[in-house]
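# Secondary and tertiary structure notes
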Amino acid sequence: MLPLPAEIQSKYPSLPLDVIYGAIEIATIRAVSSIYGCPATAIIEDSEIHVMAYIGLIPTQIDISKLRKRNKRRLLDEIELELTTQQTIFETKELASLRGSLVTGRVDRLHPDGKMDVLIEMNDGLRPIYIYAEYPIQQQPRHERGNYIIGHTYSFLVASCLPVSNGKAARVRTIVSRVSRELPSKMLAKLTGLSGIKCSRRISGGYCDIKTSSRIPKLAINEVGKELREHIYVNRQEK
């Protein structure tokens, strides 16, 4: 079997072995079919890959270890692209549960168009997980635009986690927001541990109306209002 460079293998430690093998088979079929201009098959058995090219409809066994250097590079590029795609699909499934979640992120990079890269650190119980998210200007409150500082942390709501590809690489595109209506209620819930806190209306940078059946400590209300620079109005409803 054509060995993968260590730097490629190290990129996909979370992918199950059967997914890795499946990706290698798909990529090999795609590369060999393109190189020989004919249909091909590939299957991995006992850690060995068996490749057949149907040249003139006659099955011919292909020893990929004897491919020309250029074609080997082409095959490895196809394998890496397929593995990256599978990794993106795997990460998207893992991160799907993050949508609508409150996270703390550190501003890592400012772009000329106002967009920012935000580094989010989480923990799955075994190891820290680092995710880079996009913070587009449309998701930034108007009164905060142009005032963010690299290295400072802020509360965000995860707006979406979607796979994207340009045909050469694939990744998970995570977008965070500070204009979401649910952001103040999620922040209050995290600070107090209370459930059932809802935001019925919010004008980011102005005010938000909170509805709850529980008493929310004034300290928590002030803390959220201070970070968002908004007036927090709490309407306590009877259970």
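Rules of the game
- Residues numbered from 1 in each chain as written.
- Predicted model: local features only at pLDDT ≥ 70, side-chain atom pairs only at ≥ 80, totals over all residues.
- Heavy atoms only, no water.
- Pairing = 2+ DSSP bridges.
- Helix = DSSP H or I, 4+ residues; strand = E, 2+ residues; numbered from the N terminus.
- Axes fitted to C-alpha atoms, helices over the stretch in contact; angles between N-to-C directions.
- Contact = heavy atoms within 4.5 Å.
- Buried < 20%, exposed > 50% of the residue type's maximum accessible area, 1.4 Å probe, protein only.

## Overview of the sheet that holds strand 1 (residues 40-45)
Taken in spatial order, the 3 strands of this open sheet run 1-2-3, and their pairing is antiparallel. Single-partner strands in this sheet number two, and they are strand 1 and strand 3 (58-62). Averaged over all neighbouring strand pairs, the angle between strand axes comes to 25°, with direction disregarded. Sheet topology places strand 1 next to strand 2 (residues 48-55); 6 bridges connect them, and they run antiparallel. Within strand 2, the position partnered with T41 by the bridge is M52. Packing against the sheet, helix 2 (residues 17-36) makes contact with strand 1, strand 2 and strand 3, and its axis sits at approximately 150° to strand 1.

## Here's the deal with the environment of F156
Along the polypeptide, F156 turns up in strand 7 (residues 153-165). Its relative accessible area of 0% is what places F156 among the buried residues. Sequence separation between F156 and Y135 is 21 residues; the distance between their C-alpha atoms is 9.2 Å. Among all residues touching F156, those that are not within four sequence positions of it are S101, L102, V103, G105, V118, Y135, V176, S177, R178 and L183.

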